[in-house]
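Chains, contacts and geometry: an overview
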Amino acid sequence: VSVCRTTTPSAFMRIISPREFVDVVLVKQYEDGTMLSAATNAEHPLCPPQPNFVRGFNYPCGCFCIPLPGEPDRTQLLSFFQTDLGGYLPQAVVDSFFPASIAGFYSNLTKAVKALKA
């Protein structure tokens, strides 16, 4: 179990301010090889809100990495999250960029995994 502070850069030519999130995170591996990363919002005295960042809030979230039987080079990824980005963003703005940022996350994750395997 650990406490993690995550930041995101500004977006849309700085129309959307940078965000920060502080979460308590649990990583666990099960006997079948499945890995779980679970997190939820936390407050910690060593992670006070920082100037120039909007503090976001993660509700309980996480992901499972599940090995596919008979396919050692493949993994099923099941993720779940619900995030309050904080600040005063109109919902239409959030709806317009959030799906692309999620797709970008998974694209970067795929690249990182491939780089680790190389």
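The structure reproduced in this document is the subject of the present report. (Residues numbered from 1 in each chain as written. Predicted model: local features only at pLDDT ≥ 70, side-chain atom pairs only at ≥ 80, totals over all residues. Heavy atoms only, no water.)

A short note on a nonpolar patch on the surface
Nonpolar side chains collect at one region of the surface, where L77, F105, L109 and V113 lie side by side and expose about 320 Å² of accessible area between them. The leading source of residues in the nonpolar patch is helix α1 (residues 91-117), at three residues. On the secondary structure map, V113 appears in helix α1. When its relative accessible area of 42% is taken as the criterion, V113 is described as partly exposed. (Patch = residues over 30% accessible without salt bridge, like charges linked within 9 Å, V, L, I, M, F, W, Y side chains within 5 Å. Areas by Shrake-Rupley, 256 points an atom, 1.4 Å probe, with all protein chains shown as cover. Salt bridge = Lys/Arg side-chain N within 4 Å of Asp/Glu carboxyl O. Helix = DSSP H or I, 4+ residues; strand = E, 2+ residues; numbered from the N terminus. Buried < 20%, exposed > 50% of the residue type's maximum accessible area, 1.4 Å probe, protein only.)

Some remarks on the layout of surface pockets
Volume-wise, the largest pocket comes out at about 1,600 Å³. Together, 50 residues line the largest pocket, and C63, S79, F105, Y106 and L109 are the ones closest to its centre. When residues of the lining of the largest pocket are traced back to their parent elements, those giving at least two are β1 (2-8), β2 (19-29), β3 (35-41), β6 (61-68), β7 (71-80) and α1. The greatest single-element share of the lining of the largest pocket, amounting to 14 residues, is contributed by α1. Considering only residue class, the lining of the largest pocket consists of 29 nonpolar, 15 polar and six charged. (1 Å grid on protein atoms, 1.4 Å probe; cavity = no way out; pocket = protein on both sides within 12 Å on 5 of 7 lines; lining within 4 Å. Points joined across faces, edges and corners; volume = space filled by probe spheres on them. Nonpolar A, V, L, I, M, F, W, Y, C, P; charged D, E, K, R; others polar.)

Quick notes on the pattern of salt bridges
Across all of its chains, the model carries three salt bridges by this definition. Among the ionic pairs, R74 bridges to E71, the shortest N-O distance being 3.1 Å. Residues joined by salt bridges that share partners form a network here, namely R5, E20 and R55.

A few points about the pairing of β6
Pairing of β3 with β6 involves five bridges; the strand directions are antiparallel. Paired with A38 across the two strands is G62, which belongs to β6. One ladder, built from seven bridges, connects β6 with β7; its direction is antiparallel. If you follow C65 over to β7, its bridge partner there is L77. (Pairing = 2+ DSSP bridges.)

Structural notes on the state of the cysteines
Enumeration over the complete set of coordinates arrives at zero disulfides. Free cysteine C61: the closest other cysteine sulfur is in C63, separated by 9.0 Å. Looking at C65, it has no disulfide partner, and the nearest cysteine sulfur is the one in C63, 4.7 Å off. The exposure class assigned to C65 is partly exposed, which follows from its relative accessible area of 29%. (Disulfide = S-S within 2.5 Å.)

As for the environment of F97
Turning to its location among the elements, F97 is positioned in helix α1. Residues F97 and F12, 85 residues apart in the sequence, show an inter-C-alpha distance of 8.7 Å. Here F97 is in contact with F12, I16, L85 and L89, once residues within four sequence places are set aside. (Contact = heavy atoms within 4.5 Å.)

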